[in-house]
Amino acid sequence: MSRNKHPEETVQLILDVAFCLFLEKGYEYTSIQDIIDRLGGLSKGAIYHHFKSKEDILIAVTDRMTAESNQMLADIRDRRDLNGRDKLKAIFRESIQRPVQNEIFTVAPDFHKNPKLLFSLIHDTVENVAPNYLLPILQQGIEDGSIRTEYPEQLAELILLAANVWMNPMIFRDSQEEVHRKFIVFVQMMQGFGLDVLDEEMLGRLQELTSIYRREK
């Protein structure tokens, strides 16, 4: 194969193919050779020119999955017209209402077959999203009086892990009724911190996404 003059296109092609295979077979059951077989002539050397290992490909796939979401979080974090509490509410509303969520829940991976992908997403939540996006909002809320907590770092992690992992039907395969019960408990927990930022419209949307995911599986 001739030398590729567009390395960025090659990287995106590798990630596209790898992501599809991770969805179909699971990360653990996808080999570098599987990826090569779908790339239409790209050599193993060409792949290793861009990625040192299959795990590096997984990290890049995860980064691409979270990039759009992180941009949305940054946009809300940096708004000057909202206090901390209202920013938190805006994040919940925007996260769940985005039309792209329908596509995500339609093609979502089976996390039971992708434990490394699941760990990668949890790690990104704790090491990146919590400190860089949610924590500044909580700190602002403490300063403007709209949020009450003495432990903003831990609260940022707790909120994200509860919302993105515990309540995620893609991870626990919850029914709509189970999602409803978890949502009620989550609302009660948030209200305990003075954060009345969730509503019935969000619950309805979460149940809709749950239905989409279960229908596809």
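Numbering of residues starts from 1 in every chain and runs along the sequence as written. Where local features are concerned, this predicted model is filtered to residues with pLDDT of at least 70; where side-chain atom pairs are given and counted, the filter is 80 or more; whole-chain, interface and lining totals use all residues. To obtain the side-chain values, all non-hydrogen atoms of the structure were included, while hydrogens and water were left out.

Student: Residues and numbers for the side chain of R205, please.
Tutor: Tracing the chain through its elements places R205 in helix α11 (residues 200-216). Here R205 falls in the buried class, since its relative accessible area comes to 7%. Within the local environment of R205, its side chain forms a polar contact with the backbone oxygen of R98, the two atoms lying 3.3 Å apart. Secondary structure elements are defined from DSSP: runs of H or I of at least 4 residues count as helices, runs of E of at least 2 residues count as strands, and each element is numbered from the N terminus. Under the scheme applied here, a residue whose accessible area is under 20% of the maximum for its type counts as buried, over 50% as exposed, and between as partly exposed, the area being computed with a 1.4 Å probe on protein chains only. Identification of polar contacts relies on pairs of N or O atoms within 3.5 Å, with a donor-acceptor requirement for protein atoms, meaning one able to donate a hydrogen and the other able to accept it, and with residues adjacent in sequence counted only if both atoms are side-chain atoms.

Student: Kindly report on the environment of L161, identifying the contributing residues and their values.
Tutor: Within the secondary structure, L161 sits in helix α8 (residues 152-166). As for L161 and V126, which are separated by 35 residues in sequence, their C-alpha atoms are 7.9 Å apart. In what follows, residue pairs with any heavy atoms lying within 4.5 Å of each other are defined as contacts. With residues up to four places along the chain from it excluded, the contact list for L161 reads I122, T125, V126 and W166.

Student: Any chance you could break down the nonpolar core for me, citing the residues and the numbers?
Tutor: Grouping buried Ala, Val, Leu, Ile, Met, Phe, Trp, Tyr and Cys residues that are joined through side-chain atoms within 4.5 Å yields what is termed a nonpolar core. Membership of the largest hydrophobic core comes to 68 residues, with the highest contact counts inside it found for I57 and F92. Per element, the largest residue contribution to this core is 10 residues, and it comes from helix α7 (residues 115-144). In this structure, I57 is in contact with I14, L15, A18, F22, I32, I35, I47 and F51, ignoring residues within four places of it in sequence.

These values are about where atoms sit, not about what they do.
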